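The lines below spell out each chain.
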Amino acid sequence: MRIIVVDNYKEMSKKAAAMIASQIILKPNSVLGLATGDTPLGMYKELIEMYDMKQIDFREVKSFNLDEYYGLEKENSQSYHHYMIKNFFSNINIDKEKINIPNGKAKNIKKECENYDKKISDSGNIDIQVLGIGVNGHIGFNEPSVDFKAGTHLVELDEKTIKSNSRFFNSIEDVPTKAISMGIKTIMNSKKIVLLANGKGKADAIFKTVKGKICPEVPASVLQFHNDVTIILDKEAAGKLES
Ligand code: F6R
């Protein structure tokens, strides 16, 4: 694991964007694995600026998002489809046909999940996967007690996750209790992984991910097994690593 500690959120976002940009410059038809949530918003902003300055071109890029809430229409303003279009895709020249996000309204969820993993492997697997991390150590929506061998699947969201994500909804009752998420196996098949975390609230999860034992109770700890992981942290998220 390569750990990079920077001063603040802006620096974290810039470093992550630089990694994605160099991936695209080296391989214009890269397969990107993308995350939602608060953490990568700054990175998307930086990438949009680079695109505006003609430093990167997304025309040949293919993307796969980590997850989507189960039961939400794509058009729902809380869906991850909506988030991605608003915060990233509508601002760059990615080909719509090359965007992949699990369909939370799929009739046959098992098939949806199998097809998603097949599409990823048929694309030659993800070149670089961006991850945030939950306060409970989740990656994607792989919650504590995860099965490390699982591919994309339907997940029951953890209480902590529902509480944390309720900040985006009118009330906690509105937060979906299930999601479709890439599994740990899917994530671990990525050639490179970059995990971002900022703020004090993530310090404990980061400590357990980097220094703790590898166990299903801390899903992100599995990343210790991957041979190309970069973790970019602001000082607060790195706060417990020093000792
Ligand atoms: C998002 C995702 C989640 C988030 C995590 C952190 O697609 O898969 O694992 O990365 O919950 O969320 P934020 O960034 O909002 O703290």
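In case you missed it, the structure is sitting above this.
Predicted model, so just to flag it, every value in this text is computed and none were measured.

Student: I keep staring at the pattern of salt bridges and nothing clicks. Help me out?
Tutor: In the structure shown here, the tally under the stated rule is 15 salt bridges. Close ionic contact of R2 with D228 constitutes a salt bridge, the shortest N to O distance being 3.4 Å. With a gap of 226 residues between them, R2 in strand 1 (residues 2–6) and D228 in the loop between helix 7 (203–211) and strand 10 (229–234) connect regions that are remote in the sequence. Residue class for D228 comes out buried when judged on its relative accessible area of 18%. One salt-bridge network, held together by shared partners, links K10, K14 and E46.

Student: Looking at this structure, how should I read the side chain of T209?
Tutor: Note that T209 resides in helix 7. At a separation of 2.7 Å, a polar atom in the side chain of T209 contacts the main-chain carbonyl oxygen of A205. Contact partners of T209, with chain neighbours within four places excluded, come to M1, I133, V218, A220, S221 and Q224.

Student: Sorry if this is basic, but what is going on with the packing of aromatic side chains here?
Tutor: Here the distance between the centres and the angle between the planes together describe a pair of aromatic rings. Tallied over the full model, the rule gives eleven aromatic pairs. With 5.8 Å between their ring centres and 35° between their planes, F88 and F89 make a pair best called tilted. For F88, a relative accessible area of 1% corresponds to the buried category.

Thresholds, definitions, all that
- Throughout, a residue's number is its position along its own chain's written sequence, starting from 1.
- Side-chain atom pairs in this predicted model are given and counted only at pLDDT of 80 or more, local residue features only at pLDDT of at least 70, and totals for whole chains, interfaces and linings cover all residues.
- The side-chain figures draw on all heavy atoms in the structure; neither hydrogens nor water molecules are used.
- The term salt bridge refers to a side-chain nitrogen of Lys or Arg lying within 4 Å of a carboxyl oxygen of Asp or Glu.
- Numbering of helices and strands starts at the N terminus; helices are DSSP runs of H or I of at least 4 residues and strands are runs of E of at least 2.
- A simple rule labels every residue: compare its accessible area, found with a 1.4 Å probe on the protein chains alone, to the largest value its type can have, and call it buried under 20%, exposed over 50%, or partly exposed in between.
- By the criterion applied in these results, polar contacts are pairs of N or O atoms within 3.5 Å in which, for protein atoms, one can donate a hydrogen and the other can accept it, and in which residues neighboring in sequence qualify only through two side-chain atoms.
- Residues are treated as being in contact if the distance between any of their heavy atoms lies within 4.5 Å.
- For this analysis, a ring pair means two rings from Phe, Tyr or Trp (six-membered ring only for Trp) whose centres lie within 6.5 Å, classed as stacked if their planes differ by under 30 degrees, edge-to-face if by over 60, and tilted for the remaining angles.

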